[in-house]
Amino acid sequence: MRGVKSNIMPVAGQEMKKASMMRDLFASDTVDICPGMVLLRQFVDTAELQPELESILTVSPLRRMQTSRGFYLSVQSSNCGQLGWVSDRQGYRYSTLDPLTGQSWPAMPKAFRALAQHAAECAGFPGFMPDGCLINQYQPGAQMGAHQDRDEADADAPIVSVSMGIDARFFVTGPERRGRSSAVDLSDGDVVVFGGPARHHYHGVRKLKFSEHPRFGAVRWNLTFRKAG
Ligand code: MD3
Ligand code: FE
């Protein structure tokens, strides 16, 4: 599961129009963490995503979701796109409506969708059609315990994760919850694509240490693009 370095040739500029926010893949570092899990370091200029994020949150604000056991997650969450991930005492599921507002989730910004599709294509998953984006905000002390993402209908579609703000230590164990894990430190602008054999690996985020990012302050944001329905 250790970092084998490889270079994937950029497709941008050929069949795909590359938005300015997406950094040139020649300059970006592509790392295969394990089969199906590709890290695209410094793939996106997150300053381009920040206003879109802020406008989403004016419509569907951050909230702390509850688990079926009545615990609150330590992250605060929202969504954009057709389907949003929600969790409450009834359990978790994808929903077309934001339970907080009773309205649809805000539309997925074009720049978000283009980024997710371009990252997926660069990682070897062409034709990715995300229909939802989960937005998680981590403050220092927040974490995410080892879990699998298996509520999505299409197991062949990858998940694309975008990190913004301060660093976090991500870990992945594999098909079993327990056992040795591999760690990856994720920084602002890093994108990870999880597909194929890695799609159902257990993974999580270690307790966030305090630090400050010049634009985002003492928080980390994670966007996960999914084909949920
Ligand atoms: C690995 N988020 O939102 S990256 C999540 O960094 C989540 O905030 C973490 O786990 C974060 O569900 C981890 C995203 C991620 C998403 C799906 C995966 C990693 C994955 C599916 C399989 C393996
Ligand atoms: Fe996850």
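Now for a look at the structure at hand. (Residues numbered from 1 in each chain as written. Chains lettered and ligands numbered in written order. Predicted model: local features only at pLDDT ≥ 70, side-chain atom pairs only at ≥ 80, totals over all residues. Heavy atoms only, no water.)

Quick word on the site of ligand 1
Test applied: Proximity criterion: a residue is near a molecule or strand once any of its heavy atoms comes within 4 Å of it. Polar contacts, as used here, are pairs of N or O atoms within 3.5 Å; protein pairs need one atom able to donate a hydrogen and one able to accept it. Residues neighboring in sequence count only if both atoms are side-chain atoms. We get accessible surface area from the Shrake-Rupley algorithm with a probe of 1.4 Å; when it comes to residues, only the shown protein chains can shield them. Note on definitions: the grid is 1 Å and covers protein atoms alone; a cavity is a set of points where a 1.4 Å probe fits but cannot get out; a pocket is an open set with protein on both sides within 12 Å along at least five of seven lines; lining residues have an atom within 4 Å of a point. A cavity or pocket is said to hold a molecule if more than half of that molecule's atoms lie within 2 Å of its grid points.
The environment of ligand 1 is formed by 19 residues, the closest being Tyr138, Asp149, Phe194, His203 and Arg220. A distance of 3.2 Å separates an oxygen atom of ligand 1 from a polar side-chain atom of His147. Measuring from an oxygen atom of ligand 1, one finds a side-chain N or O atom of Asn222 at 3.1 Å. Compared with its free state, where it exposes 490 Å², ligand 1 has 99% of that area covered by protein. Under a 2 Å grid-point criterion requiring more than half of the atoms, the pocket assigned to ligand 1 is the largest pocket.

What to know about the coordination of the iron ion (ligand 2)
As a reminder, the rule being used: Note on donors: an N, O or S atom is included if it sits within 2.8 Å of the metal, or within 3.2 Å for Na, K and Ca, and water is never included, so sites can look incomplete. Secondary structure elements are defined from DSSP: runs of H or I of at least 4 residues count as helices, runs of E of at least 2 residues count as strands, and each element is numbered from the N terminus.
Of the protein atoms, only His147 (NE2), Asp149 (OD) and His203 (NE2) coordinate the iron ion (ligand 2), at distances of 2.1 to 2.2 Å. Along the chain, the residues donating to the iron ion (ligand 2) fall in the pattern H-x1-D-x53-H. With a gap of 56 residues between them, His147 in strand 8 (residues 144-147) and His203 in strand 13 (residues 202-205) connect regions that are remote in the sequence.

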